[in-house]
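Structural characterization, general
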Amino acid sequence: MTSPETTDKNLNVSTASYRNLLWINIEQPTRRETDYLAQHYPFHALDLDDCLSRVQRPKIDRYDEYLFMVFHFPVFSKQTRVTRASQVAIFLGENYLITVHQGDLKPLSKFFRDCSANEDTRAANMIQSAGYLLYIVLDRLVNYCFPILNKIGRNIEEADNSVFSGDARDAVRELSILRRDVLSYRRIIRPQTEVFEWLERNEPAIIPEKEGMGFLSPEEAGEAEEVPVFGVYFGDLADHNREILDTLDEYKEVIEGLNDTNNTLASFRTNQVMRILTIVS
């Protein structure tokens, strides 16, 4: 597929191409951008509407000519000190990849700029197929989750020190913020495990081996005798996603334990004060 012409300079549409593979990146989409996609691609109207919605659940929809995927990745808000979800909508075809997002996911925006400006980067990441480019994009976004996860771990260590320092009021506030942050992060990550697992099982059906072959159904892909090459890569992403979930579950248990400990220490200190006041009285 050749790159469609972008005549409207007000469109937030950027392209990068290498040989016959096209990557279209749309940041901060509006109705103008979705109308542009509707004019040049056979996308369902509901999928285009989902690109403008921020409340979609991570999912994957299969069509004869393309796959439509919605992913959520964490972005930490310094103001609220809570991790929030940033949505990425992806259209995957035989020789194109279209990413639609708000532009606040730094690894995705930086990777696209590198591909646009650097021929060697395009050659290294866009030479195989749209399916491989999809893996590279998702791999960078999944790896972006770990620094945020590590930051939560460091905050829990600081809260641990606060609990035993004797400042119960600050400890309660800090633990409450951390608990809300962990629960928000879990809500972002948990639904995506199913999407990664689907990609792991059905990756050969994403990009047809022969032109005009069309996409295979999940049942047909499951009956394939050969082990998918890219399925191993998407399986690695699924493993990383499960690892993040396991770590968040561990953090949740630690925070609940620290909260119980803080309550016990606060009760003990209160009882000690009451004993002293009783003796004085």
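First things first, this report covers the structure right here in the doc.

About the criteria used
Residues numbered from 1 in each chain as written. Predicted model: local features only at pLDDT ≥ 70, side-chain atom pairs only at ≥ 80, totals over all residues. Heavy atoms only, no water. Core = buried A, V, L, I, M, F, W, Y, C linked by side-chain atoms within 4.5 Å. Buried < 20%, exposed > 50% of the residue type's maximum accessible area, 1.4 Å probe, protein only. Helix = DSSP H or I, 4+ residues; strand = E, 2+ residues; numbered from the N terminus. Contact = heavy atoms within 4.5 Å. Arc of directions from axis to C-beta. Expected span 1.5 Å × (residues − 1). Salt bridge = Lys/Arg side-chain N within 4 Å of Asp/Glu carboxyl O. Phe/Tyr/Trp six-rings, centres within 6.5 Å; stacked < 30°, edge-to-face > 60°.

1. With respect to the nonpolar core
Ranked by internal contacts, the top residues of the largest apolar core, which has 58 residues, are Trp23, Met69, Phe71, Phe73, Leu138, Tyr185 and Leu199. Counting residues per element, this core draws most heavily on helix α5 (residues 130-163), at 18 residues. Beyond its immediate chain neighbours, meaning those up to four positions away, Leu138 contacts Phe71, Phe73, Ile90, Phe196, Leu199, Phe234 and Leu237. The next biggest cluster of nonpolar side chains, apart from the first, holds 19 residues, and it includes Leu11, Phe68, Phe91 and Val100.

2. Considerations on helix α1 (residues 31-40)
Considered for burial, the residues of α1 that qualify are Glu33, Thr34, Tyr36 and Leu37. Burial along α1 is one-sided: seen end-on, the buried residues are contained in an arc of 150°. Each element contacted by the buried residues of α1 is listed here: β1 (13-18), β2 (21-27), α2 (45-52), β5 (82-92) and β6 (96-101).

3. Digging into helix α3 (residues 106-117)
With 12 residues, α3 extends 16 Å between its outermost C-alpha atoms, agreeing within 8% with the 16 Å of an ideal straight helix rising 1.5 Å per residue. Tucked into the core, α3 has its buried residues touching β1, β2, β5, β6, α4 (119-125) and α5.

4. As for the pattern of salt bridges
Using the criterion set out here, one finds 11 salt bridges in the structure. We note a salt bridge from Lys59 to Asp50, for which the minimum N-O separation is 2.7 Å. On the basis of relative accessible area, Lys59 is assigned to the partly exposed category, the value being 23%. In this structure, a network of salt bridges that share partners links the residues Asp50, Lys59 and Asp61.

5. Concerning the packing of aromatic side chains
What characterises a pair of aromatic rings is the spacing of the ring centres plus the angle enclosed by the ring planes. For the structure shown, the criterion picks out 15 aromatic pairs. For the pair Tyr66 and Phe91, a centre-to-centre distance of 6.0 Å together with 50° between the ring planes defines the contact as tilted. Of the two residues, Tyr66 is situated in the loop between β3 (59-62) and β4 (67-77) and Phe91 in strand β5; the sequence distance between them amounts to 25 residues. Where Phe68 meets Phe91, the ring centres are 4.8 Å apart and the plane angle is 40°; that geometry is what we call tilted. One end of the pair, Phe68, is in strand β4; the other, Phe91, is in strand β5, with 23 residues separating them in the sequence. The same class applies to Phe68 as to Phe91, namely buried. Site record: aromatic cluster; members linked through ring pairs are Tyr41, Phe43, Tyr63, Tyr66, Phe68, Phe91 and Tyr96.

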